Amino acid sequence: MHGSDRKLARLFHPVTGKAVVAPLDHGVMEGMLTGLEELPRLLELVGDFPVQGIMLNKGALRAHLADVPVDVMAIAQLSGGTRHCQPPYARSLMCSTAEALRLGADMVAVQVNIANEFEDRMLADMGAIVDEAHGLGVPVLALIAPKGERVINETDPSLINHCIRLGAELGADVTGVPYSGDARSFGRAVAASSARVLVTGGPSRPDFKSFATMVEAALGAGACGTCIGRNVFQHPNPVEAMRRIVEIVHGREVLEMAAEALRALGVADVSADAAAAEAARDAAGD
Ligand SMILES: O=C(CO)COP(=O)(O)O
């Protein structure tokens, strides 16, 4: 067992063995993105659910660490790049693992976009971060996706399976990838991976119901959780969207237990009542 394994175990729910990570790191890429402007409000929302990890950039970590519940992993996003960059899929390292640790992070994340002219640098950065983080006993989440001018289909199964394999080959503890939609080959890549796999969300989709079906399919194919941001926080009803994702990953019982615990503490009623949740979903047109 490595030093990082003990911390990594905390990322997975003790009953379900799965993880819901809330990425709130989009400000570097997008600037003032609708739905993601107010971090304190989002942290409050996330804190009302059985979520296992919150991903923040280093400035946000410094400003808001106190608002990340102590039983939730604070994940420092070390990579960044803005959508104004040419090309917009280039990512650079913005923070070291040592600095992330100093800021209070429990885990670090690094982003790699493959199949473009900058992948060699992003891969080298990932390699260096894995070495540095493991040297300090810190687990690594690698968010890997195919992005670039030559990429025609960003969820092409062979490219997504390559991303899954890459995470494991380069020593990530957890790899986050988009779902390919091909359950069989995705399942094979996940089963062969020494790193556990989370499914990422991508840009907000107008049809949340079909998005949720995709997430369910990814979990069914072997993903052991989610790292979904925009499809939750840009949903017309982010509370309901968050509830649905948690329900898919951990099941209704865990959701209800968490709601009950909050009620007992007199904290806001996240009301996991099944009928109310169903009604809200219908009202939201999902
Ligand atoms: O990991 C992520 C951002 O760093 C995933 O976020 P999205 O679900 O918004 O794509």
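If you look the protein chain up in an unreviewed UniProt entry, it shows as Fructose-bisphosphate aldolase from Solidesulfovibrio aerotolerans.

(A) Fine view of empty space enclosed by the protein. Taken as a whole and assessed by the stated rule, the structure comprises one cavity of 30 Å³ or more. Every residue lining the largest cavity is listed: Val 20, Val 21, Ala 22, Thr 226, Ile 228, Val 232, Met 242 and Ile 245. With three residues, the single largest contributor to the lining of the largest cavity is strand β1 (residues 19-23).

(B) How the structure looks around the packing of aromatic side chains. For the structure shown, the criterion picks out two aromatic pairs. Aromatic pair Phe 208 and Phe 211: ring centres 5.9 Å apart, planes at 40°, arrangement tilted. Placement of the pair is Phe 208 and Phe 211 together in helix α9 (residues 208-220), with a separation of three residues, close to one helical turn. For the pair shown, Phe 208 and Phe 211 are each scored as buried.

(C) Representation of the layout of surface pockets. Reported here for the largest pocket is a volume of approximately 850 Å³. Lining the largest pocket are 37 residues, and of these Arg 91, Gln 111, Lys 147, Gly 202 and Arg 230 sit closest to its centre. Elements with a minimum of two residues in the lining of the largest pocket: α2 (27-30), β4 (79-80), β6 (107-114) and β7 (140-146). In terms of residue count, β7 provides more of the lining of the largest pocket than any other element does, four residues in total. When its residues are assigned to classes, the lining of the largest pocket shows 15 nonpolar, 15 polar and seven charged. Computed from the structure, the second largest pocket encloses a volume of approximately 430 Å³. Lining the second largest pocket are 20 residues, and of these Phe 49, Pro 50, Val 51, Gln 52 and Asp 71 sit closest to its centre. It is helix α12 (residues 252-264) that contributes the most residues to the lining of the second largest pocket, five residues altogether.

(D) Main features of helix α11 (residues 238-250). With 13 residues, α11 extends 18 Å from end C-alpha to end C-alpha; this agrees with the ideal 18 Å at 1.5 Å per step. Along α11, the positions that sit buried rather than exposed are Pro 238, Glu 240, Ala 241, Met 242, Arg 243, Arg 244, Ile 245, Val 246, Glu 247, Ile 248, Val 249 and His 250. Gly 251 sits one or two residues past α11 and shows a positive phi near 90°.

(E) A look at the site of the ligand. Near the ligand the following residues occur: Pro 23, Asp 25, His 26, Met 55, Leu 143, Gly 201, Gly 202, Cys 227, Ile 228, Gly 229 and Arg 230. Between the ligand and Asp 25, the relevant distance is 2.9 Å, taken from an oxygen atom to a side-chain nitrogen or oxygen of the residue. For the ligand, an oxygen atom lies 2.8 Å from a polar atom in the side chain of Arg 230. Notes on the ligand: free accessible area 300 Å², of which the protein chains cover 92%. Its residues assigned to classes, the shell around the ligand comprises five nonpolar, four polar and two charged.

Each value, and the rule that gives it
- Residues numbered from 1 in each chain as written.
- Predicted model: local features only at pLDDT ≥ 70, side-chain atom pairs only at ≥ 80, totals over all residues.
- Heavy atoms only, no water.
- 1 Å grid on protein atoms, 1.4 Å probe; cavity = no way out; pocket = protein on both sides within 12 Å on 5 of 7 lines; lining within 4 Å.
- Points joined across faces, edges and corners; volume = space filled by probe spheres on them.
- Helix = DSSP H or I, 4+ residues; strand = E, 2+ residues; numbered from the N terminus.
- Phe/Tyr/Trp six-rings, centres within 6.5 Å; stacked < 30°, edge-to-face > 60°.
- Buried < 20%, exposed > 50% of the residue type's maximum accessible area, 1.4 Å probe, protein only.
- Nonpolar A, V, L, I, M, F, W, Y, C, P; charged D, E, K, R; others polar.
- Expected span 1.5 Å × (residues − 1).
- Near = heavy atom within 4 Å.
- Polar contact = N/O pair within 3.5 Å; in protein donor to acceptor, adjacent residues only side chain to side chain.
- Areas by Shrake-Rupley, 256 points an atom, 1.4 Å probe, with all protein chains shown as cover.

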